[in-house]
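# Residue-level structure breakdown
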Amino acid sequence: MTPTLATRFARRTTRVMRGDQALTEDQMRESAPSIFAEGKHVSRSERYTYIPTIEVLRGLRKEGFEPFMVAQGKSRTEGRSEYTKHMIRMRHAGQAQSKPEANEIILINSHDGASSYQMLAGVFRFVCCNGLVVGDVVEDIRIPHKGNIQGEVIEGAFRVLDEFEVVSEHTEAMKALQLAPAEEMAFATAALALRFGEQTIEQTGGHQPAPVTARQLIDARRSDDLGNSLWNTLQRVQENVIRGGLAGRSAQGRKLQTRPVASIDRGVSLNRALWTLAEEMRKIKA
């Protein structure tokens, strides 16, 4: 099973900002102004409850959460861009700084009716700046825009935070599990289908061959990723799938480099699918 987002971003985002340090409100306003919308879009009815993202974020900051990445979807409708869907990745100050990964809460909201308020679990890996999205280990929290819900949103963030102990347990289990070369190839082959299997040739309705091989997906970009653990395999495949830059050939034989996954929506869904793939392999090998 491949988990999917309950909401969808536009195919490309207008702005994305990431930082090694927590982002300031000025930085967030520059990259994702809809976070600061002061009300709902005029298309929304009286029953639609406006959830002020910035007030929620400020409340979470008081509880030790800080934003390190923001993104905003674009809109082709005039006057709607100030209300469009946005995403924030936040970390809690109480996390041990000595670990190579940090747990993140991913917030999604909009003010134009495009989505409910949603919270997902994520894991950020410092060595390569990769942001994973956890699959079905932690239950997603979705809050509709109805009624008095700001307190529910804050409470939901702590519910996700409380469940990160389970995420850490699964992460450590993946690190301890060694894969045989054939198992690494099986993982990469499945990932190749997730990334390129949807491509079709419009004229014939047939499938294009993937521009790269499964073997390329398990190549390490840095010494930190060497090793045959399930965790290392997931990291190598995830980065090669999401970041692109691999030398390959088109269906017509032309040389090319694979493109990074530019769509937030596609990136999140691929991340979650890869996590779920790793989870299923962990269960089989347990």
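Criteria and thresholds
Residues numbered from 1 in each chain as written. Predicted model: local features only at pLDDT ≥ 70, side-chain atom pairs only at ≥ 80, totals over all residues. Heavy atoms only, no water. Salt bridge = Lys/Arg side-chain N within 4 Å of Asp/Glu carboxyl O. Buried < 20%, exposed > 50% of the residue type's maximum accessible area, 1.4 Å probe, protein only. Helix = DSSP H or I, 4+ residues; strand = E, 2+ residues; numbered from the N terminus. Axes fitted to C-alpha atoms, helices over the stretch in contact; angles between N-to-C directions. Parallel < 35°, antiparallel > 145°, perpendicular 65-115°, else oblique. Left-handed = near helix turned anticlockwise from the far one by under 90°. Contact = heavy atoms within 4.5 Å. Nonpolar A, V, L, I, M, F, W, Y, C, P; charged D, E, K, R; others polar. Pairing = 2+ DSSP bridges.

## Some details on the pattern of salt bridges
- Applying the stated criterion to the full structure yields 14 salt bridges.
- One salt bridge connects R61 with E66, and the closest N-O pair in it is separated by 2.7 Å.
- Given a relative accessible area of 22%, R61 falls into the partly exposed group.
- We classify E66 as partly exposed; its relative accessible area is 27%.
- Where K285 meets E183, a salt bridge forms, and the shortest distance between an N and an O atom there is 3.0 Å. In this pair, K285 sits in helix α8 (residues 264-285) while E183 sits in helix α5 (residues 181-196), placing the two residues 102 residues apart along the sequence.

## A few points about the packing of α5 against helix α7 (residues 230-243)
- The N-to-C vectors of α5 and α7 enclose an angle of 30°; their axes lie 11 Å apart at closest approach. By the angle between their directions, the pair α5 and α7 is classed as roughly parallel. You can see that α5 and α7 cross each other, and the crossing is right-handed. The residues of α7 that touch α5, namely those facing E184, F187, A188, A191 and R195, are L230, T233, L234, R236, V237 and V241.
- Among the residues making up the contact of α5 with α7, the classes are represented as seven nonpolar, one polar and three charged.

## Digging into the pairing of strand β4 (residues 101-109)
- Among the nine residues in β4, nine count as buried, and that is most of the element.
- Every second residue of β4 is oriented toward a common face, with E101, N103, I105, L107 and N109 on one face and A102, E104, I106 and I108 on the other, all of them buried.
- Where strand β3 (residues 86-92) lies against β4, five bridges are found, and the strand directions are antiparallel. Opposite M87, over in β4, you have I108 as the bridge partner.
- Where β4 meets strand β5 (residues 117-125), eight bridges bridge the pair, whose relative direction is antiparallel. Within the sheet, the bridge partner assigned to A102 lies in β5 and is F124.

## Here's the deal with the packing of helix α4 (residues 164-176) against α7
- Running from N to C, α4 and α7 point in directions that differ by 100°, and their axes come no closer than 5 Å. Relative to α7, the element α4 lies roughly perpendicular. Residues T171, M174 and K175 of α4 form the contact with α7, whose participating residues are L230, W231 and L234.
- For the contact of α4 with α7, the per-class residue count stands at four nonpolar, one polar and one charged.

Remember, this is a structural readout, not a statement about activity or role.
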